[in-house]
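Okay, here's what each chain looks like letter by letter:
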Amino acid sequence: MGGDIDKSSVERAYARWAPVYDLVFGAVFDAGRRASIEAAEQACGPAGGRILEVGVGTGISLPEYARRNRLVGIDLSEPMLRKAHERVAEHRLTNVETLAVMDAERMALPDRSFDVVVAQFVITAVPKPEATLDEFARVIRPGGEIVLVNHIGAEAGPRRAFEICFAPIARRLGWRPEFRFGRLADWAQRHGGVRLVENRPMPPLGHFSLIRFQRLLAAAS
């Protein structure tokens, strides 16, 4: 399941997008981006916390976090990360601890080392979404949160039919338009150490969703 996208295709796709990504997608994804940052900062509390942004891309989100938060960004695409490094330098973002090329399915990060994992428009663009979610849960502390913003496929109707027809083209661009919420719910049930906190439709037209999972305190052992 989920083996229909390969990492090399994703890397090629985002290498092509890197020079124009902010121009093409910045405004389209703005509402979801801001909502995910707000959710992450709420989870961290007023004192701030340590946030991992997976699929940080060009770093477009990084200046929008409050400076009280410590940020780590990872991405599979080195060309995208070069843009992120430039943004960190331009904005003097001293709260960014590091930016690194890394596979979200196998993160070289310690267990329980973050308060929040943020993944914007990522989970439908990885070869193994469930394995990636397992990694997100591994690196957050008990009580911490996973914050996802993503296009979620329709359950039925004309939009569902379009998403299925469009899927082969979308895969060449590096994502799955037909990815349904049920996969996330099934993952959480199988994992057993997380609970769904929120599933909120986002603009434009509710085609995107903000989804939050919390790692259970009982998962500390």
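Keep in mind that this is a model prediction, so the values were computed, not measured.

A. Representation of the overall build of the chain within the structure. Looking only at helices and strands, one finds 7 helices and 7 strands in the chain. When the elements of the chain are put in sequence order from the N terminus, they spell out α-α-α-β-β-α-β-β-α-β-α-α-β-β. Out of the 221 residues in the chain, the part that is buried amounts to 56%. Taking the intrachain contacts of the chain between residues at least 6 apart in sequence as the baseline, contacts between residues at least 24 apart amount to 71%. A total accessible area of about 10,200 Å² is found for the chain, and carbon and sulfur atoms account for 57% of it.

B. Geometry of the nonpolar core. With 30 residues, the main nonpolar core has Leu52, Val54, Met107, Phe136, Leu148, Leu184 and Phe213 as its most contacted residues. Elements with a minimum of two residues in this core: β1 (50–54), β2 (70–75), β4 (114–120), α5 (129–139), β5 (140–151), α7 (181–191) and β7 (208–215). Counting residues in each nonpolar core, the second largest holds 25 residues, with Ala35, Leu71, Val88 and Leu93 among its members.

C. Looking closely at α5. Here α5 lies mainly inside the structure; 8 of its 11 residues are buried. Listed in full, the buried residues belonging to α5 are Pro129, Glu130, Thr132, Leu133, Glu135, Phe136, Ala137 and Val139. Residues of α5 that are buried sit in contact with β1, β4, β5, α7, β6 (194–202) and β7.

D. Fine view of the side chain of Arg33. Mapped onto the elements of the fold, Arg33 is located in helix α3 (residues 30–44). A distance of 3.1 Å separates polar atoms of two side chains, one belonging to Arg33 and the other to Asp30.

E. A look at the sheet that holds β4. The strand order across the open sheet built from 7 strands is β3-β2-β1-β4-β5-β7-β6, with neighbouring strands paired in mixed fashion. Two strands close off the open sheet at either side, each with one partner strand: β3 (96–101) and β6. Along the sheet, successive strands turn relative to each other by an average axial angle of 15 degrees, direction set aside. For β4 and β5, the ladder comprises 6 bridges, and the chain directions are parallel. Within β5, the position partnered with Val118 by the bridge is Val147. Strands β1, β4, β5, β6 and β7 of the sheet are contacted by α5, whose axis makes an angle of about 145 degrees with β5.

F. Expanded view of the pairing of β5. For β5, a buried count of 11 out of 12 residues is recorded, marking the element as mostly surrounded by other parts of the structure. With α5 bridging β4 and its parallel neighbour β5, the resulting β-α-β unit is right-handed. In terms of strand pairing, β5 meets β7 through 7 bridges, oriented antiparallel. Each bridged residue has a counterpart across the sheet, and for Val147 the counterpart in β7 is Arg212.

G. Region of interest: α3. Taking 1.5 Å as the rise per residue, α3 with 15 residues should run 21 Å; its terminal C-alpha atoms sit 21 Å apart, in good agreement. Among all positions of α3, only Gly32, Arg33, Ala35, Ser36, Ile37, Ala39, Ala40, Glu41 and Cys44 are buried. Positive backbone phi, approximately 90 degrees, marks Gly45, located one or two places after α3.

H. Region of the structure containing the confidence of the model for the chain. Counting all residues, the mean pLDDT for the chain is 83, and 73% of those residues have values of 70 or more. Here residues 159–163 is a poorly scored stretch, pLDDT under 50, and it has 15 contacts once near neighbours within four places are set aside; other chains count. Within the model, the stretch residues 165–170 combines pLDDT values under 50 with 6 contacts to residues more than four positions away or in other chains.

The rules behind the values
- Residues numbered from 1 in each chain as written.
- Predicted model: local features only at pLDDT ≥ 70, side-chain atom pairs only at ≥ 80, totals over all residues.
- Heavy atoms only, no water.
- Helix = DSSP H or I, 4+ residues; strand = E, 2+ residues; numbered from the N terminus.
- Buried < 20%, exposed > 50% of the residue type's maximum accessible area, 1.4 Å probe, protein only.
- Contact = heavy atoms within 4.5 Å.
- Areas by Shrake-Rupley, 256 points an atom, 1.4 Å probe, with all protein chains shown as cover.
- Core = buried A, V, L, I, M, F, W, Y, C linked by side-chain atoms within 4.5 Å.
- Polar contact = N/O pair within 3.5 Å; in protein donor to acceptor, adjacent residues only side chain to side chain.
- Pairing = 2+ DSSP bridges.
- Axes fitted to C-alpha atoms, helices over the stretch in contact; angles between N-to-C directions.
- Right-handed = clockwise from strand over helix to strand, strands pointing away.
- Expected span 1.5 Å × (residues − 1).
- pLDDT = per-residue confidence, 0-100.

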